[in-house]
Amino acid sequence: MHDDQAAHISVDTLLVHAGRNPAAHHGIVNPPVYHCSTVLFDSLAHLQQTRLDRASGAFVGFTYGREGTPTTRALEDAVTALEGGYRAVTTSCGLGAISASLMAFLRAGDHLLIVDSVYGPARHFCEDILRKFGVTVEFFAPLIGADIATLFRPETRVVYLESPCSLTFEVMDVPAITAACRHRGITTIIDNTWASPICFRPIAHGADVVVHAATKYISGHSDLMLGLAVCTEEKFIPVKKTASAAGYCGGPDDIYMALRGLRTLGIRMARHQQSATTIAQWLQTRPEIARVMYPALPNDPGHALWLRDFTGASGLFGATLAPCSEGQFAAMLDHLALFKLGYSWGGFESLIVPTYPQTLRSATAWQASGPCIRLHIGLEDPADLIADLERGFARLRHAA
Ligand SMILES: Cc1ncc(COP(=O)(O)O)c(C=O)c1O
């Protein structure tokens, strides 16, 4: 599909057509999976041209498996079209997309501002690796909005956002923050994994680089690891060069399966939101639950911003329980039949994990009188999921 066509087409139609060119593959609907390390050149001139393209940052041809294949480009093109970006960079996992994007714009002596309730391993990368290489890392409150400008220093180079935030699901005022950054020439990077491009398009709200754990909703089946960084034209070359220099790439079969999963992203997201809303509303009525953290709920503190900027919600949300003993908590979680206890999210199945937000903050306080959980609502019938949780609450009440 041509770029000018993509700009005028609805997201549902883009999901079907973006990143596909059957005419280039004998009419075959899906792109082939290129398994590749070596790429053969037909002449010295051809080889030299690809060297030049790589050096200039154009990265137009195919030179070596690590730099991507037509299968890689198909996924990158599709997600780029959905995000309204210029080009994307594929990495082996979401954390790779995060670290490549940060390293692309930071060097020793620079100052990084990063949201306090960011995805835990992103925090650890900044604290353990970037600090080691001389970057000053400062965490800021998720609800800071335009006041982010009060934290700017002459050496501030990057502001890193995630909205809603991990575990506690605060919605950030992304346009206010990106506007303040743009004014000062500061690069903004945002993790958009929760929303996927179906529910939020950060580049339209001023972001420069959008990172995704394609491991989650984009692939949608809990069977692969993959990351993507979708960039504006100005930011593409630094991210691509960094990912290339650091050796980040995706496996061919994982890329193909992500592309396959992407085609159903729209209908999956609609169903995730519908079921998550039903279950979140039900949880709000339960005495065992102190608070539900899901911006799609009208009484959530982030609801107004979510309504303003997002076009939907995913199936992931948090909750805090009323005070209970460790034994009661375990009695509930240990014997759930449908909700499985496991990390990650974005697949077809429902998952639940205990969370510990207080251990992952330094600039803001997090207090809850009972334990915290994170639920991913999958594609099962929500009535069955509610029954599973109801039996869990009964066990909790009867345990010591
Ligand atoms: C918000 C968010 N971003 C990024 C990642 C990292 O993705 P991956 O597991 O593919 O490295 C995760 C993983 O849980 C996540 O929750």
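Rules behind the numbers
Residues numbered from 1 in each chain as written. Predicted model: local features only at pLDDT ≥ 70, side-chain atom pairs only at ≥ 80, totals over all residues. Heavy atoms only, no water. Near = heavy atom within 4 Å. Polar contact = N/O pair within 3.5 Å; in protein donor to acceptor, adjacent residues only side chain to side chain. Areas by Shrake-Rupley, 256 points an atom, 1.4 Å probe, with all protein chains shown as cover. Helix = DSSP H or I, 4+ residues; strand = E, 2+ residues; numbered from the N terminus. Nonpolar A, V, L, I, M, F, W, Y, C, P; charged D, E, K, R; others polar. Buried < 20%, exposed > 50% of the residue type's maximum accessible area, 1.4 Å probe, protein only. Lys, Arg positive; Asp, Glu negative; His and termini not counted. Salt bridge = Lys/Arg side-chain N within 4 Å of Asp/Glu carboxyl O. Contact = heavy atoms within 4.5 Å. Phe/Tyr/Trp six-rings, centres within 6.5 Å; stacked < 30°, edge-to-face > 60°. Lys NZ or Arg CZ within 6 Å of the ring centre and 35° of its normal. Pairing = 2+ DSSP bridges. Expected span 1.5 Å × (residues − 1).

A.B. asks: Any details on the site of the ligand? Residues and values, ideally.
C.D. replies: Residues in contact with the ligand amount to 14 residues; listed here are only the nearest, Gly94, Leu95, Asp191, Thr215 and Lys216. For the ligand, a nitrogen atom lies 2.6 Å from a polar atom in the side chain of aspartate 191. When the ligand is considered free in solution it has 390 Å² of accessible area, and contact with the protein chains removes 91% of it. Broken down by element, the residue count for the shell around the ligand peaks at three residues, all from helix α5 (residues 94-105). The residue inventory of the shell around the ligand, partitioned by class, reads seven nonpolar, four polar and three charged.

A.B. asks: I'd like a description of the side chain of glutamate 83, backed by residues and values.
C.D. replies: In this structure, glutamate 83 sits in helix α4 (residues 70-83). For the buried glutamate 83, which has no salt bridge, the nearest side chain bearing the opposite charge is arginine 201, at an N-O separation of 6.0 Å. In this structure the side chain of glutamate 83 is engaged in a polar contact, spanning 3.0 Å, whose partner is the side chain of asparagine 192. Leave out the neighbours within four places in its chain, and glutamate 83 touches Asn192, Pro197, Phe200, Arg201, Pro202, Ile203, Val210, His212 and Val230.

A.B. asks: Please give an account of the environment of histidine 303 that cites residues and values.
C.D. replies: Positionally, histidine 303 belongs in helix α12 (residues 303-309). Between the C-alpha atoms of histidine 303 and valine 171, which are 132 residues apart in sequence, the distance is 7.9 Å. Apart from residues no more than four positions distant in its own chain, histidine 303 is found in contact with Pro295, Ala296, Leu297 and Pro298. Within polar-contact distance, the side chain of histidine 303 engages the backbone oxygen of leucine 297 at 3.2 Å.

A.B. asks: Tell me about the packing of aromatic side chains, and please be specific about residues and values.
C.D. replies: Following the criterion strictly, the structure yields six aromatic pairs and no others. What links up through ring pairs into an aromatic cluster is the set Trp194, Phe200 and Phe310. Between arginine 123 and the ring centre of phenylalanine 139, over which it is positioned, the NZ or CZ distance is 3.9 Å.

A.B. asks: Which residues make up the sheet that holds strand β11 (residues 351-355), and what values go with them?
C.D. replies: Ordered by their spatial adjacency, five strands build an open sheet running β8-β9-β12-β11-β10, and the pairing between neighbours is mixed. The sheet is open, and its two edges are formed by β8 (289-293) and β10 (340-341), each paired on a single side. Where β10 lies against β11, two bridges are found, and the strand directions are parallel. Each bridged residue has a counterpart across the sheet, and for lysine 340 the counterpart in β11 is leucine 351.

A.B. asks: Report on helix α9 (residues 233-246), specifying residues and quantitative values.
C.D. replies: Compared with an ideal rise of 1.5 Å per residue, which puts 14 residues at 20 Å, α9 spans 21 Å between its outermost C-alpha atoms and is within 8% of the ideal. Elements that come into contact with the buried residues of α9 comprise α3 (44-56), β1 (87-91), α5, β5 (187-191), β6 (209-213) and β7 (227-231). Note on α9: the residue one or two positions beyond its end, glycine 247, has a positive phi of about 85°.

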